[in-house]
Amino acid sequence: MAPRSRMILGRMAQAIPVVMGVVVISFLLTRALPGDPAAYFAGPAADEASIAQIREELGLDKPLFQQFIYYVSDLSRGDLGTSLTTGQSVLSDLAARLPASLELTLAALLLSCAIAIPLGVLAATRPGTWVDHLCRVLVTAGVSMPTFFTGILLIYVFYYLAGVAPSPLGRLDFIYLSPPHVTGFYLIDAALAGDWETWGGALKQLVLPATTLALFTLAPIARMTRAAMLSALSSDFIRTARAAGLTNRKVLYGYAFRNALLPVVTTLGMVFSFTLGANVLVERVFAWPGIGSYAVEALVVSDYAAVQGFVLAMALLFVALNLVIDIAYALIDPRIGLK
Amino acid sequence: MLSIKDLAVTFKTRKGEVDAVRGISLDVGKGETLGIVGESGSGKSVTSYALMRILDAGGEIRAGDVTFGGIDLRAASERDMRDIRGREVSMIFQNPRAALNPIRRVGHQIKDVLIRHAQATRQNAKQKAIAALEAVRVNDAAARYDAYPFELSGGMCQRVVIAIALACNPQLLIADEPTTGLDITTQKAVMDLVGDLAAARGMSMILITHDLGLASQYADRIVVMKDGRIVEDGTPETLFTDPQHPYTQKLVNATPRIGASIRSLLPAEIRTAEPVHKVHDRPLLDVRDLVKTYPGKSGPVHAVKGVSFQIKAGQSLGLVGESGSGKSTTSEMIVRLQDPTSGHILFDGQDIAATPAARFMRHPVRRDIQMVFQDATDSLNPRDTAASAIAEPMSRIAGLSGAKRRDRVAELAELVGLPQPLLSRFPHQLSGGQKARVGIARAIALEPKLLILDEPTAALDVSIQAIVLNLLVDLRARMGMSYLFVSHDLNVVRLLCDEVLVMKEGEIVDQGPTADVMGAPKHPYTRALIDAAPQPPRPVAA
């Protein structure tokens, strides 16, 4: 176990320069954005003098290098600055909105995996049959439709026509109070508080946007599972296992599936990152108070502190994600971490 | 105990149905070892998969009866078959490392089988799995129980595969090329182990192999298969001394052995006089104190520990050793794909070790040293035709182009016996022997003075090997090339080489004229290697 924990520590150490690079690049990028925040916030009627005054208040008149020093020293104290649009500190904005996005993405991925992985395994065990073809058609349809379209379609069918879904307005219907803040994930917080009514309400709100995202992510996961299972099933060791008389169940899940997991985990990581990006549209359609819509709004008005905070948060998230994937690799495959 | 009657197996492929086995009948008695010998595509493995009913998708038993101990295996339900597999009939496979689940501890893989067949309970499974490992003579079995396949050597992996197969005391063991890819001394150890265990347990065995020598040494009776049919069967002695079928005669002739000459490997009707190659006194290659050390996790790895030898102009030197002996590293340093840690490589008096491998491409001597690789398939670019593969070195190094290059490619194809129409084909459209010819034509395109042959026939069937070896002998005489022939097959080296070097753990342990080293080995390791090589009974008249 020792070399493996050393590998994990090593991977964490590798993340440090990545984060430092992200700090520099996010800073430079936001400064390079077209538009002048000072002019924007001074309003259309402002004159040169008031713009200059605002610029001075924001510290934007200082040389770039000095601004960077201020930024880094603020950052080291955990201060991400104040959003010019919401007037709140960026940190508290992110803390409120990031869990919303994560809850949505994770729920969508869980749903997607629960459908796509068995579907992929099923297709791999019966290649060329109608099960295989049906699986292909299903996932292709899912990925072919843009998420905003699927979202609107689902709202139209389940909210407007059938009336079974709640109104697509955010994370919780106004009749409920949001659960006490522990993790920021409403489902978890409500469960912790034992408030099952709120839990049900949050779940109802979550179902449609999560389904929208899940439909979109079915394809890569199902196709990769199928391909990985096919190649695992044609390996020599599967023949050994069959020749030893092991049951189909054991051969399929104990031997083939664990070997097929590696590429599936890799795909999951990639899907997770692009889902966080694809979130923006779904959040818009369902009025989901997530980080994606926050970033888009901030970008439009050159709210540089918020954009910086967003980029930094995403970068940290991806670094953490990659770390988790690497650890998952090491847990699945004993060959990793020793070579 | 096992009886197969008129078994026919077909495979559905995209090009239609292919008959892999066309009506074969054979019997295996209790305690008997039956050898099934044949070249690739003869249907020998398919026969065994069919009787285990583990044919790949698309394969189907078309006709015939398979009875094992009174049970009709063709009619048995899949459920019954699963009980039979591993408990009554077991299999071991070639390429043992791939035959084991790479991410499961070997002990657990043995345990899976024991529990499946109710030979152990969860409580005593570990203990019984360790006992199974001890039965196949794995040292320190309790520690090996927790090992993963990648932590074990190839021979050790094959022992684990055997332990899985024998864990439930089956009555019949099917060994499908069990030693392909293993070193020759490991091959002997594994085969002796399997033979001893079979004898001790009164177990029957089917030994499937392409190596007639191996089959004759370990089997009581041999059947020879060709194109899905049995062409001959008999005891090893009768097959070798008095083969009846022309195909058996051809196989027996083509098997390299003591007392054979290179031409005697070929069928009698195409034999010509063996050409004489001239060996000059002038050394072409002079290797002095060559050392290669790799940085390793637990200290430096000494792959080659200061070897010195010479190859004279026109001479063929055999370099023999097992995996890890440093023979491949040595040949790669000479062809300048790797940089030596220290030492000199004098080629025609010029020290080529001084030029770094990365810059050797532009060295004037580059064209004089060429290499033929072990795997003819993997060493050809799958997207290049045979003609462009052969033309590659000419355009890269000699700067030949246009009609001149085309003529030269045609000329080379003629020289290596590759029919002209095949030149426009891609590697996957060529047979193993044809690919080997392309590899040789590419290597001799620039008329090198030294050709390094790295196990050039290891992946070929014996009859193709015989043809390729004879081609190499002809080319040597015609072009005056020197060969460095790297091989683990002593019988082949004996036929082809003037002198031989035996390497072990990075050092040369034995060297000298081939007849001396092979006839009266001085070093115990050389003797062990020679003893381990299977020797078929000598035919009365070749």
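Residues numbered from 1 in each chain as written. Chains lettered and ligands numbered in written order. Predicted model: local features only at pLDDT ≥ 70, side-chain atom pairs only at ≥ 80, totals over all residues. Heavy atoms only, no water.

**Q** Hey, could you run me through the packing of aromatic side chains in this one?
**A** Two descriptors summarise a pair of aromatic rings, namely the distance from one centre to the other and the angle between the planes of the rings. With the rule as written, the count across this model stands at 7 aromatic pairs over all chains. Taking 6.1 Å as the distance between ring centres and 80° as the angle between the ring planes, the aromatic pair formed by F216 of chain A and F274 of chain A counts as edge-to-face. With F216 of chain A in helix α9 (residues 196-233) and F274 of chain A in helix α11 (residues 248-285), this residue pair connects regions lying 58 residues apart in the sequence. For the pair Y148 of chain B and F150 of chain B, a centre-to-centre distance of 6.0 Å together with 20° between the ring planes defines the contact as stacked. In this structure Y148 of chain B comes out as buried when scored by relative accessible area, which is 12%. Relative accessible area serves as the criterion here: at 27%, F150 of chain B is assigned to the partly exposed category. Taken together, the ring pairs connect F27, F68 and Y71 of chain A into an aromatic cluster. Seen from the ring of Y186 of chain A, R171 of chain A lies directly overhead, with NZ or CZ sitting 3.8 Å from the centre. (Phe/Tyr/Trp six-rings, centres within 6.5 Å; stacked < 30°, edge-to-face > 60°. Helix = DSSP H or I, 4+ residues; strand = E, 2+ residues; numbered from the N terminus. Buried < 20%, exposed > 50% of the residue type's maximum accessible area, 1.4 Å probe, protein only. Lys NZ or Arg CZ within 6 Å of the ring centre and 35° of its normal.)

**Q** Can you help me understand the interface of chain A and chain B in this one?
**A** Note on interface size: it is often stated as the accessible area lost on association of the parts. The interface is formed by 22 residues belonging to chain A together with 29 residues belonging to chain B. Across the chain A/chain B interface, buried area totals approximately 2300 Å², and carbon plus sulfur atoms make up 59% of it. When the area that chain A buries against chain B is broken down by residue, the three leading residues are R239, R242 and A243 of chain A, summing to 24%. If you look at where chain A meets chain B, you find 1 salt bridge. In this structure, D112 of chain B engages K250 of chain A in a salt bridge whose closest nitrogen and oxygen atoms are separated by 3.3 Å. At the surface where chain A touches chain B, the tally comes to 9 residue pairs in polar contact (both at pLDDT 80 or more). (Contact = heavy atoms within 4.5 Å. Buried area = accessible area lost by both parts, 1.4 Å probe. Salt bridge = Lys/Arg side-chain N within 4 Å of Asp/Glu carboxyl O. Polar contact = N/O pair within 3.5 Å; in protein donor to acceptor, adjacent residues only side chain to side chain.)

**Q** Explain the pairing of strand β12 (residues 301-312) of chain B to me, please; I cannot follow it from the model alone.
**A** All names here are of chain B. Relative to β12, strand β11 (residues 283-294) is paired through 9 bridges, and the arrangement is antiparallel. By the bridge assignment, V291 is partnered in β12 with K305. From the end of β11 to the start of β12, which pair antiparallel, there are 6 residues, and G299 there has a positive phi angle of about 85°. (Pairing = 2+ DSSP bridges.)

**Q** Help me understand helix α8 (residues 184-201) of chain B, please; the structure alone is not making it clear to me.
**A** Each full turn of the α-helix corresponds to 3.6 residues, which orients residues three or four apart in the same direction. Residue and element names in this part refer to chain B. With 18 residues, α8 extends 26 Å between its outermost C-alpha atoms, agreeing within 8% with the 26 Å of an ideal straight helix rising 1.5 Å per residue. Within α8, the full set of buried residues consists of I184, Q187, V190, M191, L193, V194, L197 and A198. Phi for G202, located one or two positions after α8, is positive at around 65°. (Expected span 1.5 Å × (residues − 1).)

**Q** Help me understand the nonpolar core in this model?
**A** Most often, soluble globular proteins keep nonpolar side chains buried together rather than apart. Formed by 145 residues in total, the largest nonpolar core has its most connected members in L2, L51, I110, I162, I174 and I206 of chain B. Top contributing element to this core by residue count: helix α13 (residues 304-332) of chain A, with 13 residues. Those residues in contact with I206 of chain B that sit more than four places away from it in its chain are L2, V28, L34, I36, L51, L172, L173, I174 and A175 of chain B. (Core = buried A, V, L, I, M, F, W, Y, C linked by side-chain atoms within 4.5 Å.)

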